[in-house]
Amino acid sequence: MKIKVIVSAVALALSVGACSTQNETEEVTRVISPTEQGSSLSQPVSSSGLTQASLKLIGETLDIRYRVVTNIPDDNCDQGAADGRCFLAEIDLTSQVDIDSKDWAIYYSQMRPIQSIVGDEFSITRIQGDLHKITPAVGFSGIRKEQTKTIQFRGELWQLSETDAMPNYYIVADGLEPVIIASTQVSVDPETGMEVRPYVSAFTDSDSQYKRRETDKLQWATTEVLYRNNLNTPVDASLAENTILPTPSKVSLKTDAKAISLKDGIKLELNGVSLEAVDAALQRLARIGVEQSNPEVESGVNTALYPLATASIEGEYRLEISSNEIKIFAADDAGYSYGLASLAALVDANTLTVNPMIVEDTPRFDFRGMHIDVSRNFHSKQLILDLLDQMAAYKLNKLHLHMADDEGWRLEIAGLAELTEVGSKRCHDLNEDTCLLPQLGSGPYSDTKVNGYYSKADYIEILQYATARQIQVIPSMDMPGHSRAAIKSMESRARKLNAQGKVEEAKQYLLSDSQDKTVYSSIQYYNDNTLNVCMESTFTFIEKVIDEIAKLHQAAGVPLNLYHIGADETAGAWLESPLCKAFIANNDKGVTSMDQLGAYFIERTSKMLADKGIEAAGWSDGMSHTRPENMPKQAQSNIWDVIAHGGHKRAHQQANLGWQAVLGQPEVLYFDFPYEADPKEHGYYWASRNTNSKKIHSFMTGNLPANAEQWTDIENLPFEADDTLKTDESGKVISEPLKAPFGFAGIQGQLWSETVRSDDVAEYMMFPRLMMLAERAWHKPSWEVPYQYQGAVYNQNSGFFTKEMRQAQASDWHTVANTLGAKELLKLDKANIAYRVPTPGAVIKDGKLFANVIFPGLEIEYRDATGRWQNYAEGVRVTAPVEVRVIAADGKRKGRTLVVE
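Structure report, in brief.

Cut-offs applied
- Residues numbered from 1 in each chain as written.
- Predicted model: local features only at pLDDT ≥ 70, side-chain atom pairs only at ≥ 80, totals over all residues.
- Heavy atoms only, no water.
- Helix = DSSP H or I, 4+ residues; strand = E, 2+ residues; numbered from the N terminus.
- Buried < 20%, exposed > 50% of the residue type's maximum accessible area, 1.4 Å probe, protein only.
- Contact = heavy atoms within 4.5 Å.
- Areas by Shrake-Rupley, 256 points an atom, 1.4 Å probe, with all protein chains shown as cover.
- Phe/Tyr/Trp six-rings, centres within 6.5 Å; stacked < 30°, edge-to-face > 60°.
- Disulfide = S-S within 2.5 Å.
- Pairing = 2+ DSSP bridges.
- Core = buried A, V, L, I, M, F, W, Y, C linked by side-chain atoms within 4.5 Å.

Let's talk about the overall build of the protein chain
Helix and strand content of the protein chain: 20 helices and 39 strands. The C-alpha extent of the protein chain, read off along each of the three principal axes, is 95 × 80 × 70 Å. The buried share among the 901 residues of the protein chain stands at 61%. Within the protein chain, contacts between residues at least 6 apart in sequence are counted, and of these 74% link residues at least 24 apart. As presented, the protein chain carries roughly 34,500 Å² of accessible surface, and 48% of it is formed by carbon and sulfur atoms.

This is the structure we're talking about:
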């Protein structure tokens, strides 16, 4: 795109911008990379006198600070929105040069929409989604050098995390290229390896800044709170010695036999089993120091694979370890791999020894999944391959790969180049001809790591890598809602083809009706992110995408037999679409009203997939709108309803339909939520602010409502789960208990990536929580409350979760926690996984420091008034102030530092 350059003598002015009475003119719609920017005053000049060099100087020197003042609402909140809830925040602008011009704008991502602004110097306008624009308003009097101007505003609901403040603000002026404001860029802490947001003021007041409302009882996870939480977990490395994660069905120790050393490796006897089938498991053993030895030499422990004639469940195996040999019995590739994975789990990475025993094992659930969103922010192919390695190590077998959403399309599709040419990147192109609008703090440039896509070859490699680890990849392109990337890509395609006179071809894959004047807003504040389900071109597009993905699966030698359509809807879409009005008036699909369109779309798409031999999957809310008689008999529903809000009801209803109901309860299985209740922790928090490994371990997957006996809601308040039969006045069933023999197909962890901008942060959020996901997916604990098929009401006093069950759960956790701390986290270190090193608990009593950690065995360091970090020893005398931190299992990375109050 050509940019008209306006050259003016004002370009030579020493001031960054002369006062101007001109109205703000149209902003530049083409973007270049930072390397193309220059600093010469001979470069383009805006109509207000700003030069590219002066704009660059502002970007380099303007100091921006974002600060949440309070989340306590007042009378100035919009009483007609969000139940009258709002927060008060401030943005400080401190300039190192005089800024007199009014003809500039700062673009940035604001998680919650602005309700009102205090004062008349600035205005903030929402562009689309979370993209906002700050501009000088009528009362703007300029910014003097070293002067701070504060923009105070109220936003919808609340902001409870420092990571809500997205990075990469950028400044634009008419006719000039955008410039990132350097002070708003994230940095990386050299000790922890994690992102730091220097432009965000730290939270300091728990009551005003970290409470959702007056009833909120959740405590900030200070060192004292963490110390109390960890206090009952003993430090006992012996608990890890013979422990396998995930826990097997049965383990019998051979107490009369001596330990076996694997320092010289293993000599593998395949007995007809394909080496390819177990190669990934052998690689894991090699990473922790157990190599496959040369069969021509005598060293190495004989390890033989044999058939297990009686196996009836996929992945079942038997592992026999004696003092001089190892045998693994299985009936399929998964079983042999899992047997080797259990051997690796038993190995102490420091001593490379295992004790003789017999392990007999079968999985609890067939579906043991992990979901990762690479759409909101892109994540590399290497991250996916590394994730697959760890999934295989802990016997997970489904990867739900979410590759398309509002903010990005991440898979190359033959014949639809715009999906990746436009839809895979975000930049400052307000027309969206070359990219999508910036979102989630992505900034103005397209050449950043949050942008990108998988080529066809990349995806084939991922499929084959997963298959070698007995993992099924489930592709997902969300629709009909959450589809903005696809919609804008196809609009760009249509504009290009129309300009070439190819009118009919331009319509072929169009997903939006230009005459649709419907006003709606998605949960992420988009008003243009929903496919028009009344256009045949929408279904032409969907079929094209599915067929091309199926071809990639075929090329990989892995048939596509499960596809996740999303099934998310946007309330209020299509109401004013002329095409939908015409469709409602005349169709042979049985659709008679607008509120049936969502169900029609899901049913039609599911049937399309079934005709191709592919099972449809979708999220539970969208799937609940369908008419079961219009759906294929086989369908999968991913349950993401919050248990504290009656989430067991939809899970039971959809399981009772005979669908494959896969549990993904947000308060325990959304790994983009914070580990601990601390505003410095990464993640969104709409269902939980403290999802640590212990909570995931406690999940009773076979009895969802019974979790009301042990959990509290997001505000740490008790809740009740009524699992009895409910009918309306006409006798229609509203909710009912789970019916025998129906149950759940499995469970799945979810990582959504709105706040996850890098591969390291993705690993931080997934690990070690993924290991507890595997524990609950594979093993049914003895302490789980049996399901009451006759129905029951559960609360903190209902008594189904007995004292004995609670004690068994605690004992189980003590073993698991010590196993993670004593040996499993070290294995993650050896695989270069950037797992979260936990924050420590600590208190000072009588001048002495007492500290602990959720995973006993990890080292703790402290720093007091002496100013140097020292190894912690119980009861060491200290001089305040005192800081504490935990060290990674290999002694290299450090956890986040906390101050002991």
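Quick notes on the packing of aromatic side chains
Taken as a whole, this structure holds 26 aromatic pairs when the rule is applied. Aromatic pair F87 and F153: ring centres 6.3 Å apart, planes at 80 degrees, arrangement edge-to-face. Here F87, found in strand β2 (residues 86-94), pairs with F153, found in strand β7 (residues 148-156); they are 66 residues apart in sequence, far enough to count as distant. As far as the burial class goes, F87 and F153 line up, both buried. On the basis of an interplanar angle of 20 degrees and a centroid distance of 4.8 Å, the ring pair of Y108 and Y169 is categorised as stacked.

Description of the state of the cysteines
In total, this model carries three disulfides according to the counting rule given. With a sulfur-sulfur separation of 1.9 Å, C427 is cross-linked through a disulfide to C435. Disulfide C427 to C435: torsion about the S-S bond roughly -85 degrees, handedness left-handed. In this structure C435 comes out as buried when scored by relative accessible area, which is 0%. Disulfide pairing is shown between C534 and C580; the S-S distance is 2.2 Å.

Concerning the sheet that holds strand β6 (residues 131-136)
Sheet strands associate in pairs through backbone hydrogen bonding, adopting either a parallel or an antiparallel arrangement. Read across the open sheet, the five strands follow the order β5-β6-β3-β8-β9; overall the sheet is antiparallel. Unpaired on one side and paired on the other, β5 (122-128) and β9 (179-180) mark the two borders of the sheet. With four bridges connecting them, strand β3 (residues 104-109) and β6 associate as antiparallel partners. In the strand pairing of β6, Y107 is matched with K133.

Some words on the environment of S492
The topology assignment puts S492 in helix α9 (residues 484-499). For S492 and E824, which are 332 residues apart along the polypeptide, the C-alpha to C-alpha distance reads 49 Å. In this view, S492 contacts V422, E432 and D433; residues no more than four positions away in its chain are not counted.

Some points on the nonpolar core
The nonpolar side chains of soluble globular proteins are, as a tendency, buried together. Ranked by internal contacts, the top residues of the largest apolar core, which has 206 residues, are I91, I372, W409, L411, F541, Y563 and L597. Excluding residues that lie within four positions of it along the chain, L411 makes contacts with M403, T420, Y453, Y454, S455, Y459, M477, I549 and L552. Membership of the second largest hydrophobic core comes to 34 residues, among which are L282, Y338, L343 and V359.

Section: the pairing of β6
Here β6 lies mainly inside the structure; six of its six residues are buried. Alternating residues of β6 divide into L131, K133 and T135 and H132, I134 and P136, and every residue in both groups is buried. Taking the residues that link successive antiparallel strands as the turn, the β5-β6 hairpin has two residues, and the phi of G129 there is positive, at about 60 degrees.

Brief notes about unusual backbone geometry
Going from M479 to P480, the amide bond is cis rather than trans, its omega being 0 degrees. Position of P480 among the secondary structure elements: in strand β23 (residues 472-480). Cis rather than trans, the peptide bond between A880 and P881 has omega equal to 0 degrees. Note on placement: P881 falls in the loop between β37 (876-877) and β38 (882-886). Non-glycine residue N271 carries a positive phi angle of around 50 degrees. Assignment of secondary structure puts N271 in the loop between β14 (266-269) and α4 (275-287). Of note in this structure, Q470 is not a glycine but carries a positive phi near 60 degrees. If you trace the backbone, Q470 turns up in the loop between α8 (456-467) and β23. Given the relative accessible area of 18%, Q470 is considered buried.

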